[in-house]
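Descriptive analysis of the structure
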Amino acid sequence: MEKNITIIKGDGIGPEIVDEAIKVLQAIAKKYNHTFTYTEVLMGGASIDAHGVPITQETIDIAKSSDSVLLGSIGGDTNTSPWYQLEPKLRPEAGLLTIRKELGLFANLRPAYLYNELKEACPLKPEIIEGGFDMMVVRELTGGIYFGARETKEIDGQLVATDSLAYSETEIKRIVKKAFEIAMKRKKQLISVDKANVLDSSRLWRKIVNELASDYPEVTVEHMLVDNCAMQLVRDPKQFDVIVTENMFGDILSDEASMITGSIGMLSSASLRDDSFGMYEPSHGSAPDIAGTNKANPIATILSMALMLRYSFGLSKEALEVEQAIEKVLQQGYRTVDILSKDKTLVGTKEMGDLIVANL
Ligand code: IPM
Ligand code: MG
C-alpha cells in the first residue's frame, strides 16, 4: 500500500513524539511492504515564527491532498510565550481550529481507558476502578460555540462580550449517527450529554438523538446533563461506554476522562469525517516545560498513528501489532517519567520508541 501522510510536528514536545511515531510507522512499512511518504508542514507556533500566521493556505492544501494527517501538539506557555501577545486569531490554537474546519473533521474520537499495567497511576480509589473502565468520548468538532459569531463591544459605557452557540440539524445528525455506529461496535451503550434544562441547542440535540435511536434498536440510549456527567465520571466511570456531546462539553469532559485514567500520555485521538480521511493526534498538549529533554511519552502519538492505520488505511492487522507492541513494552516494565511507578525502569522518549520497534 502507498500512502502520503501530512506531518505536522507542531510545538513543544510535538517534534520529539512525532519522530517516534514515524520511527514505528517505518518499521511497520518495512515489515508489511508498505510505502508511506511524508510531507512536513508547519502549524501553530512554529508557523507563526516562520510565516507570521498559525496556518497558511499551503499547509491546508497539502493536508487536503494527502491521505491523512499526523499531528504532534501545538501551542506554548500561555503566560510566557510571545505567541499569546498576538490577537486571538493569530495564536497557535487558531491554526488547529482552522484545519479542523477546513478539512471538515466533525467527529473527534477520544478513547479513555484504564491500562491494567498503569492502575497505580489512576487518581481514583481502587474500589471505584475495580474491573477497569473503557469509554469513548465522541466530540462534535466543527460547530457550536467554537465556531459561532463572537464579538466584544462597548454598550452603555462598558465592554460586553458575546459568543454564540448554534447547531443545525445536519450538524447534530451526522455526529450522533457516527456515535451510534461506534456504539454498535462496542458495548452498545450510548450516553448523550447536553444541557437541555437550559439550552435550546441541547433540546434540539436531544430530539435528534431520540429520532435516530429508532434506527439503532440494539443500542441503549440515555441522556445526561453535562454537570451530572462531570460528576459521574469521577463517581463511577465504569457506567460509560460511548459518550456523544457537542464541541465545548466534549473538550471539557474529554480532559476529565483522560485525567482519571492517570495516563494522559497514553491516550490517542482521531478526528474524522464521513470518508476515510482523518487527522490523528495525542490527547495531551505540547508540554513546553519538558520540550527537547527526551522526557515526553511518545505512546499517545504512536497509538494515534495506529488509529490512522486502522481507520484511514484499513490496516487493522498492522494497527493491532503496534498496540500489542506497546502492551509488551509496558509488561516488560519500561516507563517514561509521566507513568513511572515503583520498581519500573525509566526510559526516555527515544528509548521508548526503540523498545516499541523492537517488540513489533
Ligand atoms: C483540544 C484543545 C483545543 C480545543 C484547543 C487547543 C483549541 O483543548 O483539542 O481539546 O479546545 O479543542
Ligand atoms: Mg481540550
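See above for the structure.
Now for a look at the structure at hand. In this text, all values refer to a predicted model and were calculated from it rather than measured experimentally. (Residues numbered from 1 in each chain as written. Chains lettered and ligands numbered in written order. Predicted model: local features only at pLDDT ≥ 70, side-chain atom pairs only at ≥ 80, totals over all residues. Heavy atoms only, no water.)

A few words on the sheet that holds strand β11 (residues 268-272). The sheet built from 10 strands is open, its strands ordered β2-β1-β3-β12-β11-β4-β5-β10-β8-β9 with mixed pairing. Across the chains shown, the open sheet's two edge strands, defined by having one partner strand only, are β2 (35-40) and β9 (220-225). Between one strand and the next, the sheet's axes are offset by a mean angle of 25 degrees, whatever the strand orientation. Judged from the 6 bridges that link them, strand β1 (residues 2-10) and β2 form a sheet pairing that is parallel. (Pairing = 2+ DSSP bridges. Helix = DSSP H or I, 4+ residues; strand = E, 2+ residues; numbered from the N terminus. Axes fitted to C-alpha atoms, helices over the stretch in contact; angles between N-to-C directions.)

Right, let's get into helix α4 (residues 92-102). Within an α-helix, residues lying three or four positions from one another point in the same direction, as the helix has 3.6 residues per turn. Regarding α4, the residues found buried are Pro92, Ala94, Gly95, Leu96, Ile99 and Arg100. Just downstream of α4, Gly104 is the residue with a positive phi angle, here 70 degrees. (Buried < 20%, exposed > 50% of the residue type's maximum accessible area, 1.4 Å probe, protein only.)

Core analysis: the largest hydrophobic core is formed by 62 residues, its most contacted members being Leu70, Val138, Met305, Leu309, Val322 and Ile356. Both domain 1 (1-110 + 263-360) and domain 2 (123-260) contribute no fewer than three residues apiece to this core. Those residues in contact with Leu70 that lie beyond four places of it in its chain are Ile5, Thr6, Ile7, Ile8, Val18, Ala21, Tyr280, Thr301, Met305 and Met308. Judged by nonpolar contacts, the second largest core, of 20 residues, contains Cys122, Leu124, Ile129 and Phe240. (Core = buried A, V, L, I, M, F, W, Y, C linked by side-chain atoms within 4.5 Å. Domains from an automatic or database assignment. Contact = heavy atoms within 4.5 Å.)

As a further point, take the side chain of Lys178. Here Lys178 is to be found in helix α6 (residues 169-184). The class of Lys178 is buried, set by a relative accessible area of 14%. There is a polar contact of 2.7 Å between the side chain of Lys178 and the backbone oxygen of Arg273. The residues contacting Lys178, other than those within four sequence positions of it, are Ala107, Leu272, Arg273 and Asp274. (Polar contact = N/O pair within 3.5 Å; in protein donor to acceptor, adjacent residues only side chain to side chain.)

Near ligand 1, the surroundings consist of Glu93, Arg100, Arg110, Arg139, Tyr146 and Asp251. Between ligand 1 and Arg110, the relevant distance is 2.8 Å, taken from an oxygen atom to a side-chain nitrogen or oxygen of the residue. Within the contact set of ligand 1, an oxygen atom lies 2.5 Å away from a side-chain nitrogen or oxygen of Tyr146. Compared with its free state, where it exposes 320 Å², ligand 1 has 73% of that area covered by protein. Of the residues contributing to the shell around ligand 1, the split by class is 1 nonpolar, no polar and 5 charged. The two domains that each donate at least three residues to the shell around ligand 1 are domain 1 (1-110 + 263-360) and domain 2 (123-260). (Near = heavy atom within 4 Å. Areas by Shrake-Rupley, 256 points an atom, 1.4 Å probe, with all protein chains shown as cover. Nonpolar A, V, L, I, M, F, W, Y, C, P; charged D, E, K, R; others polar.)

The next point concerns the environment of Val357. Structurally, Val357 is set in helix α12 (residues 349-358). Here Val357 falls in the partly exposed class, since its relative accessible area comes to 27%. Along the backbone, Val357 and Ala21 are 336 residues apart, and their C-alpha atoms lie at a distance of 9.9 Å. In this structure, Val357 is in contact with Lys23, Val24 and Ala27, ignoring residues within four places of it in sequence.

Its place among the elements puts Ser312 in helix α10 (residues 299-312). In this structure the side chain of Ser312 is engaged in a polar contact, spanning 3.4 Å, whose partner is the backbone nitrogen of Gly278. Here the side chain of Ser312 touches Tyr280 through a polar contact of 2.6 Å, side chain to side chain.

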